Amino acid sequence: MQQTLSIIKPDAIEKNVIGKILARFEENGLKIIAAKMLHLTEEKAKKFYMVHKEKPFYMDLVKFMTSGPVLVLALQGKEAVKKCREIMGATNFKDAKEGTIRKDFASSIERNAVHGSDSLENAKIEVSFFFNNNEIFPR
Ligand code: IDP
Ligand code: MG
């Protein structure tokens, strides 16, 4: 069993598709073991995306991620890190497979509806970035 972090981004919250996205995770065998809605501060968004600080899209990404509330999730399941990424689809929704979240709900390479941790190591770091142990309910 693995745990991974996902974030429903401000564009998807604005589109009112939180429930549809949660259902994709559940229907594909992942359990929601932690969830909270919050509005990222600039400081927290910058820190979360620090790996991208040299990328040309970094400041735009921070602006987008702080433009409205997000729903932060911890997901649990077999191969949860990989499975979550499969359910999400490619970063660029134009490359995303049919039936993936990004194919159905993204509107640009930036406004791509969801975040998912990219490795088990980062999943651990990212889950603890947002959740205390007493806010996570493995089962
Ligand atoms: P990922 O979310 O699929 O792991 P990353 O490369 O880690 O993709 O990029 C983080 C986020 O930055 C993406 O989800 C997307 O919102 C944004 N992003 C990535 N590449 C670009 C780009 O070329 N232009 C604008 N935004 C981008
Ligand atoms: Mg990434």
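Structure report, in brief.

Calculation criteria
Residues numbered from 1 in each chain as written. Chains lettered and ligands numbered in written order. Predicted model: local features only at pLDDT ≥ 70, side-chain atom pairs only at ≥ 80, totals over all residues. Heavy atoms only, no water. Near = heavy atom within 4 Å. Polar contact = N/O pair within 3.5 Å; in protein donor to acceptor, adjacent residues only side chain to side chain. Areas by Shrake-Rupley, 256 points an atom, 1.4 Å probe, with all protein chains shown as cover. Nonpolar A, V, L, I, M, F, W, Y, C, P; charged D, E, K, R; others polar. Pairing = 2+ DSSP bridges. Helix = DSSP H or I, 4+ residues; strand = E, 2+ residues; numbered from the N terminus. Axes fitted to C-alpha atoms, helices over the stretch in contact; angles between N-to-C directions. Buried < 20%, exposed > 50% of the residue type's maximum accessible area, 1.4 Å probe, protein only. Arc of directions from axis to C-beta. Contact = heavy atoms within 4.5 Å.

## Details of the site of ligand 1
Piece 1. In the vicinity of ligand 1, the contacting residues are Lys 9, Tyr 49, His 52, Phe 57, Leu 61, Arg 85, Thr 91, Arg 102, Ile 109, Glu 110 and Asn 112.
Piece 2. In this structure, an oxygen atom belonging to ligand 1 sits 2.8 Å away from a side-chain N or O atom of Arg 85.
Piece 3. Within the contact set of ligand 1, an oxygen atom lies 2.5 Å away from a side-chain nitrogen or oxygen of Thr 91.
Piece 4. Protein burial of ligand 1: of its 530 Å² of free accessible surface, 78% is covered by the chains.
Piece 5. Looking at the shell around ligand 1 residue by residue, the class counts come to 4 nonpolar, 3 polar and 4 charged.

## Re the sheet that holds strand E3 (residues 70–77)
Piece 1. What the 4 strands build is an open sheet, ordered E2-E3-E1-E4; its pairing is antiparallel. Since the sheet does not close on itself, it has two edges, and those belong to strand E2 (31–38) and strand E4 (114–116), each with one partner. If you compare each strand with its neighbour and ignore which way they point, the axes differ by 20 degrees on average.
Piece 2. As defined by bridge partners, E2 adjoins E3 across 7 bridges and the pair is classed as antiparallel.

## Digging into helix H2 (residues 18–27)
Piece 1. Looking at H2, one finds that the buried residues are Ile 21, Leu 22, Arg 24 and Phe 25. Down the axis of H2, the buried side of the element spans an arc of 150 degrees, and every buried residue falls inside it. Exposed and oriented more than 90 degrees from the buried face of H2 are Lys 20 and Glu 27.
Piece 2. Of the residues one or two after H2, Gly 29 is the one with positive phi, at around 90 degrees.

## So, the environment of Lys 94
Piece 1. Secondary-structure assignment places Lys 94 in the loop between helix H5 (80–88) and helix H6 (101–105).
Piece 2. Spatially, the C-alpha atoms of Lys 94 and Ile 13 are 20 Å apart, while their sequence positions differ by 81 residues.

## Describing H5
Piece 1. Residues of H5 that are buried include every one of Ala 80, Val 81, Cys 84, Ile 87 and Met 88, and no others. Down the axis of H5, the buried set is contained in an arc of 130 degrees. They therefore lie on one face.
Piece 2. For H5, the elements touching its buried residues are strand E1 (2–8), H2, E3, H6, E4 and helix H7 (120–130).
Piece 3. Just past H5, the residue Gly 89 takes up positive phi, approximately 90 degrees.

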